[in-house]
Amino acid sequence: MAKQENSDDQEYKARSVALRLLARREHSRQELTLKLRQRKLDGPVISRVLDDYEREGWLDDNRFADVYSRQRIDLGYGPLRVLAELQQRGIHQSPGCLEELADADWIRNAILLREKRFGLSDLRDDWDETVRQARFLTRRGFSASQVERALEVSEPDDSRM
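Residues numbered from 1 in each chain as written. Predicted model: local features only at pLDDT ≥ 70, side-chain atom pairs only at ≥ 80, totals over all residues. Heavy atoms only, no water.

### So, helix α4 (residues 61-74)
Within an α-helix, residues lying three or four positions from one another point in the same direction, as the helix has 3.6 residues per turn. Across its 14 residues, α4 extends 20 Å between first and last C-alpha, which sits within 8% of the 20 Å expected from 1.5 Å per residue. Turning to α4, its buried residues number three or more, namely F64, A65, Y68, S69, R72 and I73. The buried residues of α4 all sit within an arc of 150° when viewed along its axis, so they share a single face. Of the surrounding elements, those touching the buried residues of α4 are α2 (29-38), α5 (79-88), α6 (96-100) and α7 (103-118). The opening residue of α4, the one whose side-chain oxygen lies 3.0 Å from the backbone nitrogen of N62, is D60. Note on α4: the residue one or two positions beyond its end, G76, has a positive phi of about 95°. (Helix = DSSP H or I, 4+ residues; strand = E, 2+ residues; numbered from the N terminus. Expected span 1.5 Å × (residues − 1). Buried < 20%, exposed > 50% of the residue type's maximum accessible area, 1.4 Å probe, protein only. Arc of directions from axis to C-beta. Contact = heavy atoms within 4.5 Å. Polar contact = N/O pair within 3.5 Å; in protein donor to acceptor, adjacent residues only side chain to side chain.)

If you want it as C-alpha cells, here you go:
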C-alpha cells in the first residue's frame, strides 16, 4: 500500500508543478519533462501527466513554438537563431509565424536592429566596423545574405532592400 501512496503523491506533485509552470508561461513538452525530472519525479508519471495536459489543451508544442518565436522575433532575433532555440526546446518543425515572414521582412528586421544598435552609417570604407556589425547580426541569427543586405543600407529610407 505504501508504494501506491508514493505513486499517487508523485502524480499529484507532477500535476501541481506542471500546472504552476504552465500558468506562468507556455512550455514545450521537453522543457516540462526536464523540469519535472529535476524534481526527482518518475518518467512514467511525468509522461502520464503531460499526456493528460496535452489532451486538455493546456500543453501544446505548436502553440509554444508560435508564442516563443514571436517573442524572439520582437526581441530582434533572426530565423536561424529562433529555429535553433526551438530545436533545443524539443520543437523540430518551423512554426507558422516564421513561415509567414518573407526574406524581405527578415532583412527589414536586420536593418532595424542594426539602426538601433549602431546607426546606419556608410560602411564601404570601414572594414573593421563592417565585420563587427556583421558578426553581431550573424550571432542574432540572420543568414549571410540577410546580413549582407542589411549592411548595404546607409539611410533609413534606402530602397535597396
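### Digging into the side chain of Q146
Tracing the chain through its elements places Q146 in helix α9 (residues 144-152). Residue Q146 is classed as buried on the basis of its relative accessible area, which comes to 4%. Setting aside anything within four residues of it in sequence, one finds Q146 in contact with P79, D103, W106 and I107.

### Some words on the packing of aromatic side chains
Going through the model one piece at a time under the given rule, you end up with 3 aromatic pairs. Lying over the aromatic face of Y77, R72 brings its terminal NZ or CZ to 4.1 Å of the ring centre. One cation-aromatic arrangement involves R140 over Y77; the distance from NZ or CZ to the ring centre is 4.4 Å. (Phe/Tyr/Trp six-rings, centres within 6.5 Å; stacked < 30°, edge-to-face > 60°. Lys NZ or Arg CZ within 6 Å of the ring centre and 35° of its normal.)

### A few points about the pattern of salt bridges
A complete count under the given rule lists 15 salt bridges for this structure. Ionic pairing is found between R55 and D52, a salt bridge with its closest N-O pair at 2.1 Å. Here R55 pairs with D52, and both are found in helix α3 (residues 43-56), just 3 residues apart, close to one helical turn. Here R55 falls in the exposed class, since its relative accessible area comes to 62%. Ionic pairing is found between R108 and D105, a salt bridge with its closest N-O pair at 2.9 Å. Of this pair, R108 and D105 both sit in helix α7, 3 residues apart, which is roughly one turn of that helix. A residue is classified by how much of its surface remains accessible, and D105, at 22% relative accessible area, is partly exposed. (Salt bridge = Lys/Arg side-chain N within 4 Å of Asp/Glu carboxyl O.)

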